Amino acid sequence: MTAPLVTRVSRADAAAVSDAVRCLMAGGLVAFPTETVYGLGADATDGRAIARLYEAKGRPAFNPLIAHVADLAAARALARFDADAEKLAEAFWPGPLTLVLPKTATCPVAELATAGLDSIAVRVPHHPAAQKILAAFKRAIVAPSANRSGHVSPTTAAHVLADLRGRIDLIVDGGATPVGVESTIVACLGAPMLLRPGGLPRDDIEQVLGRPLAEPPAGIASEDEAPLAPGMLASHYAPRTPLRLDAERVAAGEALLAFGSKLAAGSESAAVVLNLSQRGDLIEAAANLFSHLRALDAAGAQSIAVMPIPRDGLGEAINDRLARAAAPR
Ligand code: TXA
Ligand code: MG
């Protein structure tokens, strides 16, 4: 566990916006109001900050996060918009609508934030404090709801403080959030599909599209923070190369995903070795997880041996994602 932080609370004025931007630049965690609920923000391009964010929330798994940007132009750098997505963005941004779209090839958002997926959830919030922070920061901010995992989403700064005091750097207090429920999430990866009902009513969306939204296949619950992953969406990142978990030794020609300073036996004859964290730091390991898996998958080895990784702290989420990535398909 990381040492407790002093959590500052500042009224949402110009000084708080500068403070928020400084803090985000330094890899810190900042809760801020959006029109829906308070979000817990981190620099979307900073894998280590995002790893700390998961740790602060106590997420049992690395579910993908929503990237918040100031406007549609900024969103285009992250995601590809088809005709339906264009219509929805034009009609409802800024506002309580999140679009799940294909990532651009040059999307700068850290792999950990999208949990290794090829899609990304993007939203342009309407709240003036969120708008000012995004405009001043000039980069995407990933922000899940600012509650501990399993708790309800916070609609006041006091709710955030009750859940996250000592775990985050700053809370920008903009009063109670006007909408009070999370954004509506629509995937535009084919026929537009409603992934999560929320602050923007379905009827408004269907009116703009001129047709009904597709429903996620049965069995896909829209539970809080569960990965929203209907059949057409990959529910989690899965490499093509088979994974071998808790490997104590490496076979010749295998790729090795290492952890810690002491490598598994046989690592000299591995085809390629990448270390999640030489110094055994789980935050660093989480930040590297998906990018290292992708790089090893591209190496063309017949399998990827993964060294044992401790299960405390972020280790639980790392092991969860590795187990999913290793599951037979
Ligand atoms: O109103 C909101 O949306 C708030 C404010 C802060 O913006 N944020 C929020 O984030 O509710 P969070 O992390 O609590 O919920 C985001 C949901 C999760 O269920 C996640 O699985 C889903 O969005 N999600 C994110 N990226 C996705 C993707 N690429 N495909 C499918 N689902 C995705
Ligand atoms: Mg949430």
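Note that the structure is a prediction, hence the values are computed from the model and not measured. Just so you know, the residues in each chain are numbered from 1, in the order the chain's sequence is written. Here chains are named by letter from A upward and ligands by number from 1 upward, in the order in which they appear as written. With the structure being a predicted model, the display of local features is reserved for residues of pLDDT at least 70 and the display and counting of side-chain atom pairs for 80 or more, all residues being used for whole-chain, interface and lining totals. Here the side-chain values reflect all heavy atoms present in the structure, with hydrogen atoms and water set aside.

Below, the discussion takes up the overall build of the protein chain. Counting from the N terminus, the helices are the DSSP runs of H or I reaching at least four residues and the strands are the DSSP runs of E reaching at least two. In terms of helices and strands, the protein chain carries nine helices and 14 strands. Within these notes, the globule rule equals 2.2 Å times the number of residues to the 0.38 power, and the radius of gyration is based on C-alpha atoms. By the compact-globule yardstick of 20 Å for 329 residues, the protein chain fits well, its C-alpha radius of gyration being 20 Å. For the protein chain, the spread of C-alpha atoms along the principal axes amounts to about 60 × 50 × 30 Å. Classification of the 329 residues of the protein chain by burial places 54% in the buried group. The cut-offs for exposure are 20% and 50% of the maximum accessible area for each residue type, with area from a 1.4 Å probe on protein chains only; residues under the lower value are buried, those over the upper are exposed, and the others partly exposed.

Glancing now at the pattern of salt bridges. Each reported salt bridge corresponds to a side-chain nitrogen of Lys or Arg within 4 Å of a carboxyl oxygen of Asp or Glu. For the structure shown, the criterion picks out 19 salt bridges. The residue arginine 76 makes a salt bridge to glutamate 86 at a minimum N-O spacing of 2.7 Å. Here the residue arginine 76 occupies a position in helix α3 (residues 72-76), and glutamate 86 occupies one in helix α4 (residues 83-92), the gap between them amounting to 10 residues. Overall, the relative accessible area of 38% leaves arginine 76 in the partly exposed class. Close ionic contact of lysine 103 with glutamate 111 constitutes a salt bridge, the shortest N to O distance being 3.8 Å. A relative accessible area of 15% places lysine 103 in the buried class. With relative accessibility at 21%, the residue glutamate 111 sits in the partly exposed group. Connected via shared salt-bridge partners are Arg48, Arg279, Asp281 and Glu284.

Close to ligand 1 lie 24 residues; Thr36, His68, Ser119, Ser183 and Arg196 are nearest. Throughout this description, a polar contact denotes any pair of N or O atoms lying within 3.5 Å of each other; where both atoms belong to protein, one of them has to be capable of donating a hydrogen while the other can accept it, and for residues adjacent in sequence the pair is counted only when both atoms sit in side chains. The separation between an oxygen atom of ligand 1 and a polar side-chain atom of histidine 68 is 2.7 Å. All accessible areas in this document rest on Shrake-Rupley with a 1.4 Å probe, and a residue is counted as covered only by the protein chains that are shown. Against a free-state accessible area of 690 Å², the protein chains account for coverage of 99% of ligand 1. If you list the elements that add at least two residues to the shell around ligand 1, you get β4 (66-68), β6 (119-123) and β10 (193-196). When residues are grouped by polarity, Ala, Val, Leu, Ile, Met, Phe, Trp, Tyr, Cys and Pro land in nonpolar, Asp, Glu, Lys and Arg in charged, and all others, Gly among them, in polar. Split into classes, the residues belonging to the shell around ligand 1 amount to 13 nonpolar, six polar and five charged. What makes a residue near a molecule or strand is one non-hydrogen atom of that residue sitting within 4 Å of it.

Glancing now at helix α6 (residues 157-164). Residues Ala157, Val160, Leu161, Asp163 and Leu164 constitute the buried set of α6. Those residues of α6 that are buried are in contact with β1 (8-11), β2 (30-33), β3 (38-43), α2 (47-57) and β8 (170-173). Downstream of α6 by one or two residues, glycine 166 has phi in the positive range, about 85°. The contact criterion used is simple: two residues touch if any of their non-hydrogen atoms lie within 4.5 Å.

Its domain assignment divides the protein chain into domain 1 (8-209) and domain 2 (243-326). For every domain, the bounds stem from an assignment made automatically or drawn from a database. Once you take the C-alpha centre of each, domain 1 and domain 2 turn out to be 30 Å apart. Summing both partners gives a buried area of about 1400 Å² for domain 1 against domain 2, and 63% of it is carried by carbon and sulfur. On the surface where domain 1 and domain 2 come into contact, there are three salt bridges. Between arginine 48 and aspartate 281 there is a salt bridge, with its nearest N and O atoms 3.7 Å apart. In this structure, the connection of domain 1 to domain 2 is made through five residue pairs in polar contact (both at pLDDT 80 or more). Broken down by class, the residue content of the side of domain 1 that touches domain 2 amounts to eight nonpolar, three polar and six charged. Values labelled buried area give the accessible surface lost by two parts on being combined, using a 1.4 Å probe and summing over both.

This part is about the sheet that holds strand β7 (residues 141-142). The 10 strands lie next to each other as β1-β8-β2-β3-β7-β4-β6-β5-β9-β10, forming an open sheet whose pairing is mixed. Strands at the two margins of the open sheet, each flanked by one partner only, are β1 and β10. In short, DSSP must find at least two bridges between two strands for them to pair. As paired elements, strand β5 (residues 97-102) and strand β9 (residues 184-187) share four bridges and run parallel to each other. By the bridge assignment, leucine 99 is partnered in β9 with valine 186. Running over the sheet, helix α1 (residues 14-25) touches β1, β2, β3, β7 and β8 and is turned about 150° from β8. Every axis corresponds to a line fitted to the C-alpha atoms, with the helix fit spanning only the stretch in contact, and the corresponding angles, defined between N-to-C directions, vary from 0 to 180 degrees. Together, β1, β2, β3 and β8 form the strand contacts of α6, whose direction differs from that of β8 by roughly 165°.

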